[in-house]
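# Observations on chain architecture
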Amino acid sequence: MSSSPDQLSIEVGGFPTAVRPMQAEPAEAPFSNNEYFFEVKWDGLRCLLFVGPDGGVRLQDRALRDVTYQFPEFGNLGGQLPPGTVLDGALVVTDGEGRPETGALRRRLAGPAGGDQRPAAYLAFDLLYLEGRPMLRKPLYQRKKQLHKVVGSGRHLYAPKHIVGEGVELYEACLEQGLEGMMAKHRQSLYVPGQRSPFWLQVKAVKSDPFVVVGWTGRAPFELAARLDDLRSADSPLEPRPIMVSPVRWVRPELVVAVRYSEWSPDGTLRFPIFDALRPEVHPAECTRQRPRVVLAGRTPQDSPSFYLTRFPF
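Keep in mind that this is a model prediction, so the values were computed, not measured.

Calculation rules
- Residues numbered from 1 in each chain as written.
- Predicted model: local features only at pLDDT ≥ 70, side-chain atom pairs only at ≥ 80, totals over all residues.
- Heavy atoms only, no water.
- Salt bridge = Lys/Arg side-chain N within 4 Å of Asp/Glu carboxyl O.
- Helix = DSSP H or I, 4+ residues; strand = E, 2+ residues; numbered from the N terminus.
- Buried < 20%, exposed > 50% of the residue type's maximum accessible area, 1.4 Å probe, protein only.
- Phe/Tyr/Trp six-rings, centres within 6.5 Å; stacked < 30°, edge-to-face > 60°.
- Lys NZ or Arg CZ within 6 Å of the ring centre and 35° of its normal.
- Arc of directions from axis to C-beta.
- Core = buried A, V, L, I, M, F, W, Y, C linked by side-chain atoms within 4.5 Å.
- Contact = heavy atoms within 4.5 Å.
- pLDDT = per-residue confidence, 0-100.
- Pairing = 2+ DSSP bridges.
- Axes fitted to C-alpha atoms, helices over the stretch in contact; angles between N-to-C directions.

### A look at the pattern of salt bridges
Counted under the stated rule, the structure contains twelve salt bridges. As a salt-bridge pair, glutamate 39 and lysine 144 come within 2.7 Å of each other at their nearest N and O atoms. Separated by 105 residues along the polypeptide, glutamate 39 in strand E5 (residues 36-40) and lysine 144 in helix H2 (residues 140-150) bring together distant segments of the chain. Each of the two residues, glutamate 39 as well as lysine 144, counts as buried. In this structure, arginine 133 engages glutamate 131 in a salt bridge whose closest nitrogen and oxygen atoms are separated by 3.3 Å. Since its relative accessible area comes to 43%, arginine 133 is described here as partly exposed.

### Things to note about helix H3 (residues 167-177)
Burial within H3 is extensive, with eight of its eleven residues counted as buried. Among the residues of H3, those classed as buried are Gly167, Leu170, Tyr171, Glu172, Ala173, Cys174, Leu175 and Gln177.

### A look at the packing of aromatic side chains
Counted according to the given criterion, the structure contains seven aromatic pairs. With centroids separated by 5.3 Å and ring planes inclined at 90°, the aromatic side chains of phenylalanine 31 and tyrosine 36 adopt a geometry described as edge-to-face. On the basis of an interplanar angle of 35° and a centroid distance of 6.3 Å, the ring pair of tyrosine 36 and phenylalanine 38 is categorised as tilted. The residues tyrosine 36 and phenylalanine 38 share a single accessibility class, namely buried. An aromatic cluster of at least three residues, connected via ring pairs, comprises Phe31, Tyr36 and Phe38. Stacked on the ring of tryptophan 200, the Lys or Arg lysine 185 has its end atom at 4.0 Å from the ring centre.

### Some details on H2
Those residues of H2 that sit buried are Leu140, Arg143, Lys144, Leu147 and Val150. Projected down its long axis, H2 shows its buried positions confined to an angular sector of 130°, all on one face. Across H2 from its buried face, at more than 90 degrees, point the exposed residues Lys145 and Lys149.

### Observations concerning the nonpolar core
Counting 27 residues, the largest nonpolar core has Leu49, Leu59, Phe74, Leu81, Leu87, Leu91 and Tyr122 as the members making the most contacts within it. Taken together, the elements giving at least two residues each to this core come down to strand E6 (45-51), strand E7 (57-61), strand E8 (85-92), helix H1 (102-109), strand E9 (121-130) and H2. Residues within four places of leucine 87 in sequence aside, it is in contact with Cys47, Leu48, Leu49, Leu81, Tyr122, Ala124, Asp126, Leu127, Leu147, Val151 and Leu157. Counting 20 residues, the second-largest nonpolar core is a separate cluster that includes Val40, Ile163, Leu175 and Leu309.

### Points about the confidence of the model for the protein chain
The predicted model of the protein chain averages 82 in pLDDT, with 87% of residues at 70 or higher. This model gives residues 292-298 a pLDDT under 50, and the stretch forms eleven contacts once residues within four places in sequence are excluded.

### Remarks on unusual backbone geometry
With an omega of 0°, the peptide bond between glutamate 239 and proline 240 qualifies as cis. Looking at where proline 240 falls in the secondary structure, it is placed in the loop between helix H4 (225-230) and strand E16 (249-261). In this structure, leucine 64 takes a positive phi of about 70° despite not being glycine. On the secondary structure map, leucine 64 appears in the loop between E7 and E8. Leucine 64 sits in the partly exposed class, given a relative accessible area of 27%. Although it is not a glycine, glutamate 131 sits at a positive phi angle of roughly 55°. Checked against the element boundaries, glutamate 131 lands in the loop between E9 and strand E10 (133-134).

### Notes on the sheet that holds strand E12 (residues 163-164)
Strand order in this open sheet of five strands is E4-E14-E13-E5-E12, and the pairing throughout is mixed. Only two strands of the sheet have a single partner each, and these edge strands are strand E4 (23-26) and E12. Taken together, the five bridges between E5 and strand E13 (residues 181-186) define a ladder with antiparallel strand orientation. When the bridges of E13 are listed, phenylalanine 37 appears paired with lysine 185. The strands touched by H2 are E5, E13 and strand E14 (196-204); relative to E5, the strand with the most contacts, the crossing angle is about 45°.

### Overview of the sheet that holds E16
Spatially, three strands are ordered E15-E16-E19 in an open sheet, and the strand pairing comes out antiparallel. The sheet terminates laterally at strand E15 (207-216) and strand E19 (274-278), the two strands that pair on one side only. When the angles between neighbouring strand axes are averaged without regard to direction, this sheet yields 50°. Relative to E19, E16 is paired through four bridges, and the arrangement is antiparallel. Residue pairing for E19: arginine 260 is matched across the bridge by isoleucine 274.

Next up, the structure:
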């Protein structure tokens, strides 16, 4: 057994038994650049797919846990890929319109008790080993070329395409389709297991809206602590009173704040909410839920290459 200097790529007999996936750094805004490959960031479970020298298939999540048994539909993929192959990608479960559905994926991970056994798909976006040969030190454009030669789409396995240069256009298309965001990867980037690389950038389609504060759990943001203390209330201002899993300090509904978030979940909660700023100029009565909208000028034509990349199946 040997461990490479690349954080956690463990090999037995020249073939890895575990690889910790490479991570991206956040980008402040979408951009276009011909030195970058842009691809949709599919909302799913980051997962590495191993086809061993014997053709056996194994799935490993980013915490190095084996999740193969939870997805038996991938057991036959060994016949679609050469032995000694390792792919990096994401497991997704989609809704009727082809958009990833996080709740359905969580229910799959819960097993039969979760009640939802819709088949998953594996979306491969990188090739780490091919026929036992490491590809990690080859530039991304070479790995992508080989990936699309090796992966034939269908039967739960797909290799989504990328686009060169047109990052802003793809970002707009992701917003219109309600997707999580996009990835920007430098075409010359090497694959460095377990490290967060500035050559891979993540651009989330984060939205921002004003919200009325009705209470808080845990520690209040420093900027709000004094204001919230002045607005304390013994009772919930909401009717009916919501069922909470943690103690809530209720306040009178007079304070408006801006919150950044990824999207509305089907149950009416926000995904990845982040306090942004006070909005004293906004009256609480103005805080009504707004439907998703494109925040950049113009629209991406539905016959454009960027829009095509957001459609599943490919």
